[in-house]
Amino acid sequence: MKQLLFQITENIKLTDNVMRMRLKGDTSDITAGQFVNIKLDGLFLRRPISVCDCSDGILTIIYKIVGKGTEQMAEMKEGTLDVLTGLGNGYDLSRSTDKPLLIGGGVGVPPMYLLAKKLREQGKEVSVILGFNTKDEIFYESEFKALGCNVGVTTVDGSYGTKGFVTTLMEEIDYGYTYCCGPEPMLKAVYKASKTSGQYSFEERMGCGFGACMGCSCKTITGYKRICKEGPVLEKEEILW
Amino acid sequence: MVNTKVELCGITLDNPIIPASGTFGFGYEFAELYDINMLGTFSFKGTTKDPRFGNPTPRIAECTSGMINAVGLQNPGVDKVISEELPKLQKCFNKKVMANVSGFSVEDYAYTCERLDKCDIVGWLEVNISCPNVHGGGMSFGTDPEAAAEVTRAVKAVTKKPVIVKLSPNVTDIVAIAKACERAGADGISLINTMLGMRINLRTKKPVIANKMGGFSGAAIFPVAVRMVYQVANAVDIPVVGMGGVSCAEDVIEMMLAGATAVEVGAQNLVDPYACKKIIEDLPSAMQKYGIENLSDIIGAVNNG
């Protein structure tokens, strides 16, 4: 973990309520699947946001405007942010087979981007399923395609791509390992539908974000885990479902 | 040169700064960030007889200038604390640590304290009779003078280490509880634990926290803590450890003026992992600013003149 100052270089809308922020600073501590914890003026607790991308000292985060913190972030045009980096246990790339399947739902999509990039750099044949409720919510389809991934999109209302949930597309894909991030009902559905081992990224309301307060604990087959420290990524085999 | 040393129940602290229990784990996690030997000491994660998972999540809610937690004393139990956590701490901490203990019966408290009494690294036992987040224990001992005295007597009977009883602010008369603990043999009093609070999510119209209520802490509670430290320090002859919303070196001085011999820092550690390091580094210049040469001289000095 590092406490660092980052300079805002971009903060743009991707959809009606999803924003992308780019920040300049020391990204040396950051790996795929981790999160950063951002201090905002006038708010006591930091805001944990997943890492979408980081390279050459530029950190990219994608966040949905849901409350006071993200509303404040959405208004920012420039300035510096106090950020804790290198938080959480990210994805273990060494577990991947030659044909990994990455599944992201809603704001669970961003962490899949850096993971896809790293797996492509290793020459893996990466398939990606992006799940959204409706066409207007879709983002990053072309960015994943630009990485050379095989990309499928599902929408619940059928307004774009395949109608249904991410699991609808899973059967059509040849894959040997599963990475997944999204709302818990989606994680559970993928966990049940997946024929392979995998890693699943969880969300929980956090106090500190670095393992001190025990605010975000969960029970697993291998004992109690802190989502912010031993998580957010858990191995399929340790999840209690 | 200013002097930041204070003496707490016979043990000299290089400075009065003590990270509070539940905000600093067992210390070694923070040792990756800075040398924790710079601290006065710290109070480790509340330990019980048996392992505890604690309450269901969500356990955390944000408030204006503070937060609510309902962790519920998650800890690996005293045996694992001694066999696994304290050896890890010993590798990075060469001072005496404050052992924070909680329980659900008088026997629980005595059992846990008796085991921790045998650990060399433990300098003080901080007996938490004020956790608002567990049912059938914790705070129920801290809201009744006779029950508080009973726990104090039971713990004193099994240890020679100084016993500091940690009190709840969720009472009508905190002075009566403090006096009862002093009469029962307590070597010190620490206060305040968190204040019982609650938040409601407007979208779901349900409590934010799964346990409905939790302990409110952070800068917002500082004035309440100063008031209660002042009241208790003026009523007992044993040292008082002040805590509640302390966020900076000036807050430490204010808490000591009110009567605190040492000062614990809690919620601030969770939003700034370097909080205690910064406070310790800022303390000498803050002392100079207010004309303080010896920090121990100002304990309770609000009463002077």
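Residues numbered from 1 in each chain as written. Chains lettered and ligands numbered in written order. Predicted model: local features only at pLDDT ≥ 70, side-chain atom pairs only at ≥ 80, totals over all residues.

Here the focus is the overall build of chain B. In terms of regular secondary structure, chain B is built from 10 helices and 15 strands. Over its C-alpha trace chain B gives a radius of gyration of 18 Å, about what one expects of a compact globule, namely 19 Å for 305 residues. Evaluated residue by residue, chain B yields a buried proportion of 58% over its 305 residues. Sequence-distant contacts, at least 24 apart, represent 72% of the contacts inside chain B between residues at least 6 apart. (Helix = DSSP H or I, 4+ residues; strand = E, 2+ residues; numbered from the N terminus. Rg over C-alpha atoms; globule rule 2.2 N^0.38 Å. Buried ≥ 20, exposed ≤ 12 C-beta atoms within 10 Å, placed from the backbone. Contact = placed C-beta atoms within 7 Å.)

The subject of this paragraph is the overall build of chain A. Within chain A one finds 5 helices and 15 strands. Projecting the C-alpha coordinates of chain A onto the three principal axes gives extents of approximately 45 × 40 × 35 Å. Looking at chain A as a whole, 49% of its 241 residues qualify as buried. Look at the contacts in chain A between residues 6 or more apart in sequence, and 59% of them connect residues 24 or more apart.

A word on the environment of Gly242(B). Residues and elements named next belong to chain B. Mapped onto the fold, Gly242 is located in strand S14 (residues 240–243). For the pair Gly242 and Thr204, spaced 38 residues apart in the sequence, the C-alpha separation amounts to 37 Å. Leave out the neighbours within four places in its chain, and Gly242 touches Ala225, Val229, Met255, Ala258, Ala260 and Val263.

All names here are of chain A. Neither face of strand S12 (residues 198–201) is exposed, since Gly198 and Tyr200 on one face and Gln199 and Ser201 on the opposite face are all buried. With 4 bridges connecting them, strand S11 (residues 177–181) and S12 associate as parallel partners. Its bridge partner being in S12, Cys181 is matched across the sheet by Ser201. Two strands pair when backbone bridges link them, and S12 and strand S15 (residues 233–235) are joined in this way by 3 bridges, in the antiparallel orientation. Pairing of Ser201 across the sheet is with Val233, part of S15. (Pairing = 2+ DSSP bridges.)

Time to look at the sheet that holds strand S10 (residues 195–197) of chain B. Residues and elements named next belong to chain B. What the 4 strands build is an open sheet, ordered S4-S5-S13-S10; its pairing is antiparallel. With one partner strand each, in any of the chains shown, strand S4 (60–63) and S10 form the two edges of the open sheet. Neighbour-to-neighbour, the strand axes of this sheet turn through a mean angle of 35 degrees, independent of strand direction. Bridging between strand S5 (residues 66–69) and strand S13 (residues 214–217) involves 3 bridges; their strand directions are antiparallel. Pairing of Ile68 across the sheet is with Phe216, part of S13. (Axes fitted to C-alpha atoms, helices over the stretch in contact; angles between N-to-C directions.)

The next subject is the domain arrangement of chain A. Residues and elements named next belong to chain A. Entries for chain A in the domain assignment read domain 1 (2–87) and domain 2 (93–201). Between domain 1 and domain 2, the C-alpha centre-to-centre distance is 23 Å. Across the boundary between the two partners, domain 1 contributes 14 residues, which contact 12 residues of domain 2. Going through the elements one at a time, strand S4 (47–55) and strand S5 (58–64) are the ones with two or more residues in the side of domain 1 that touches domain 2. (Domains from an automatic or database assignment.)

Contacts between the two partners involve 26 residues from chain B, matched on the other side by 22 residues from chain A. Residue assignment for the side of chain B that touches chain A shows that the elements contributing at least two residues are S4, S5 and helix H9 (268–271) of chain B. Considering only residue class, the side of chain B that touches chain A consists of 12 nonpolar, 11 polar and 3 charged. (Nonpolar A, V, L, I, M, F, W, Y, C, P; charged D, E, K, R; others polar.)

Turning our attention to the packing of helix H5 (residues 145–156) of chain B against helix H6 (residues 174–183) of chain B. All names here are of chain B. Relative to each other, H5 and H6 sit at 30 degrees, their axes nearing to 8 Å. If you check the angle between H5 and H6, you find them roughly parallel. Here the hand of the crossing between H5 and H6 comes out right-handed. Facing H5, whose interface residues are Pro145, Glu146, Ala148, Ala149 and Thr152, H6 presents Ala176, Ile177, Ala180, Cys181 and Arg183. Partitioned by chemical class, the residues of the contact of H5 with H6 number 7 nonpolar, 1 polar and 2 charged. (Parallel < 35°, antiparallel > 145°, perpendicular 65-115°, else oblique. Left-handed = near helix turned anticlockwise from the far one by under 90°.)

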